[in-house]
Amino acid sequence: MKTALVIGTGLMGTSVALALRAHGATVHLRDTDAGAARTAASLGAGTVAPPEEPVELAVLAVPPALVAGVLSDVQAEGVARHFTDVASVKAGPRLDALALDCDTVRYLGGHPMAGGERSGPLGARPDLFEGCTWVLTPTPDTGTDTLNTVLELVSACRAVPVVMAADAHDRAVGLVSHLPHVVASLVADLLARAEEREVRIAGPGVRDLTRIAAADPGLWVDILGANSAVVADLLETLAGGLADAVDALRAMAATDEDKRADGARAVAELLRRGAAGRARIAGKHGVHPAPYETVTVRIGDQPGELARLFTDAGRAGVNIEDVSLEHSAVQPTGLVRLSVARGAGAGLEESLRARGWPPH
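Residues numbered from 1 in each chain as written. Predicted model: local features only at pLDDT ≥ 70, side-chain atom pairs only at ≥ 80, totals over all residues. Heavy atoms only, no water.

A.B. asks: Looking at this model, I keep getting lost on a nonpolar patch on the surface. Mind explaining?
C.D. replies: On the surface, Met 113, Leu 175 and Val 176 cluster together into a nonpolar patch covering about 260 Å² of accessible area. Looking at the element boundaries, Met 113 is found in the loop between β5 (107-112) and β6 (133-137). (Patch = residues over 30% accessible without salt bridge, like charges linked within 9 Å, V, L, I, M, F, W, Y side chains within 5 Å. Areas by Shrake-Rupley, 256 points an atom, 1.4 Å probe, with all protein chains shown as cover. Salt bridge = Lys/Arg side-chain N within 4 Å of Asp/Glu carboxyl O. Helix = DSSP H or I, 4+ residues; strand = E, 2+ residues; numbered from the N terminus.)

Structural data, given as structure tokens:
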């Protein structure tokens, strides 16, 4: 791909532009917010100058509700030969595009499953999509040249293409992205109304659970609005599970021994099902998660300590599959949990101990 036009220079659009620029493409930037486009250009994402002739691909990085209208406008303008978008909802924009009589032969909807808490061009980076799933929703009328061009885009961004029907995509993304965001926001809302001393003892569990709640609320109003019926259905199902959990926990607090036993069994079954569902989430490289061992070490809050730990782990000949860091609320230290392949934990512990890293 030699030329592209990115319309919308927020986090997603600017990251796409940076990835294309890294592959040598000439990228033109357009945004209703001229300041955002200039910022993206200053970061090396491209030029705000309009293309002198049609580019190979126009990437629409705009909210779902705006995709069809922008698509109609740029097709009428003749600014590109092929068109795609990166909106997080697919069925609605496609129906809107059909209603506006857009050329759907040269348009292919897409959705890279990536993002970040920081919105806008300043949060963008060229490797944002590396290794992530990039859903494509072709239809029988999608042109072969358009499909191949969009696949070039996915390849340039070093993502993994996955083909789905638009309706199936919206249901799936509602389950794995939109519903979790609402749940995280509900939990974070309880934290906002809690006493300061309660929040101060928060650990990594609640921090991980509520991480996505820090994202831009305005952006998420658009996302949830475009998939509201699906998310509402999922929340309704979740509400039923919450009601059952409440009943089971109330039973565990009862004075009657049989009720307590019934409640404990119900809670245990809920936790078992939860563990089984968590285990289904793909691990590294999109494959079924492998069983890991965890080695935990204490680390000081000095510059270079984490890099030194990784270097020492590498000298042990052990590959780090995953890592998590827990900060101490009262001490200038933290705990680093290193996930390694089963059977490698003991050797790594011994090697790290010899290099001054006593296991925690």
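A.B. asks: Help me out: how do you make sense of the nonpolar core in this one?
C.D. replies: Nonpolar side chains in soluble globular proteins tend to be buried together. Counting 31 residues, the largest nonpolar core has Val 16, Leu 20, Phe 129, Trp 134 and Leu 153 as the members making the most contacts within it. Among the secondary structure elements, those contributing two or more residues to this core are β1 (3-7), α1 (11-22), β2 (26-30), β3 (55-60), β6 and α5 (144-156). It is α1 that contributes the most residues to this core, 7 residues altogether. In this structure Leu 153 touches Met 1, Val 16, Leu 20, Leu 57, Val 59, Thr 84 and Trp 134, once residues within four positions along its chain are discounted. (Core = buried A, V, L, I, M, F, W, Y, C linked by side-chain atoms within 4.5 Å. Buried < 20%, exposed > 50% of the residue type's maximum accessible area, 1.4 Å probe, protein only. Contact = heavy atoms within 4.5 Å.)

A.B. asks: How do you make sense of the environment of Phe 129 when you look at a structure like this?
C.D. replies: Residue placement: Phe 129 occurs in the loop between β5 and β6. Between the C-alpha atoms of Phe 129 and Arg 272, which are 143 residues apart in sequence, the distance is 33 Å. Not counting residues up to four positions away in its chain, the partners in contact with Phe 129 are Met 12, Ser 15, Val 16, Pro 112, Ala 114, Trp 134, Cys 157, Arg 158 and Ala 159.

A.B. asks: What is the right way to read α5 from this model?
C.D. replies: One full turn of an α-helix is made of 3.6 residues, so residues set three or four places apart face in the same direction. Spanning 13 residues, α5 covers 18 Å between terminal C-alpha atoms, matching the ideal 18 Å at 1.5 Å per step. Burial in α5 covers these residues: Thr 146, Thr 149, Val 150, Leu 153, Val 154 and Ala 156. One face of α5 carries all of its buried residues, which in axial projection span an arc of 165°. Those residues of α5 that are exposed and angled more than 90 degrees off the buried face are Thr 144 and Ser 155. Residues of α5 that are buried in the fold lie against α1, β3, β4 (80-85), β5, β6 and β7 (160-163). (Expected span 1.5 Å × (residues − 1). Arc of directions from axis to C-beta.)

A.B. asks: What is the right way to look at the pairing of β7 in this model?
C.D. replies: Looking along a regular strand, one sees the side chains alternate between the two faces of the sheet. Looking at chain direction, β6 and β7 are connected through 4 bridges and run parallel. Within the sheet, the bridge partner assigned to Leu 136 lies in β7 and is Val 163. The parallel pair β6 and β7 is bridged by α5, and the resulting crossover is right-handed. (Pairing = 2+ DSSP bridges. Right-handed = clockwise from strand over helix to strand, strands pointing away.)

A.B. asks: Any chance you could explain the packing of helix α3 (residues 67-77) against helix α4 (residues 91-99) here in plain terms?
C.D. replies: If you want to describe how two helices pack, look at the angle between their axes and the distance between the axes. Put simply, α3 and α4 touch, their axes get as near as 8 Å, and they point 40° apart. Our classification of the angle between α3 and α4 gives oblique. Here α3 runs over α4; the crossing is right-handed. Between α3 and α4, the contacting residues are Val 67, Ala 68 and Leu 71 on the first element and Pro 93, Asp 96 and Ala 97 on the second. By residue class, the composition of the contact of α3 with α4 is 5 nonpolar, no polar and 1 charged. (Axes fitted to C-alpha atoms, helices over the stretch in contact; angles between N-to-C directions. Parallel < 35°, antiparallel > 145°, perpendicular 65-115°, else oblique. Left-handed = near helix turned anticlockwise from the far one by under 90°. Nonpolar A, V, L, I, M, F, W, Y, C, P; charged D, E, K, R; others polar.)

A.B. asks: Just to check I follow, could you spell out the pattern of salt bridges for this structure?
C.D. replies: Opposite charge on two side chains permits them to pair, given that their charged atoms come into close proximity. The tally for this structure, following the rule as stated, stands at 13 salt bridges. Here Asp 141 and Arg 94 are joined by a salt bridge, their closest N and O atoms 3.3 Å apart. A residue pair is termed long-range when its members are at least 10 positions apart, and Asp 141 in the loop between β6 and α5 and Arg 94 in helix α4 qualify at 47 residues. When its relative accessible area of 30% is taken as the criterion, Asp 141 is described as partly exposed. Exposure remark for Arg 94: the relative accessible area of 17% places this residue in the buried category. The shortest N-O distance in the salt bridge between Arg 273 and Glu 269 comes to 3.6 Å. Residue Arg 273 and its partner Glu 269 are located together in helix α11 (residues 257-279), separated by 4 residues, close to a single helical turn. Among the residues examined, Arg 273 registers a relative accessible area of 46% and is labelled partly exposed.

A.B. asks: Would you mind going over the state of the cysteines with me for this structure?
C.D. replies: By definition, a disulfide links two cysteine residues through a covalent bond between their sulfur atoms. Using the criterion set out here, one finds 0 disulfides in the structure. Distance from the sulfur of Cys 132, which forms no disulfide, to the nearest cysteine sulfur (Cys 157) is 8.2 Å. Taking the relative accessible area as the measure of exposure, Cys 132 reaches 10% and is therefore buried. (Disulfide = S-S within 2.5 Å.)

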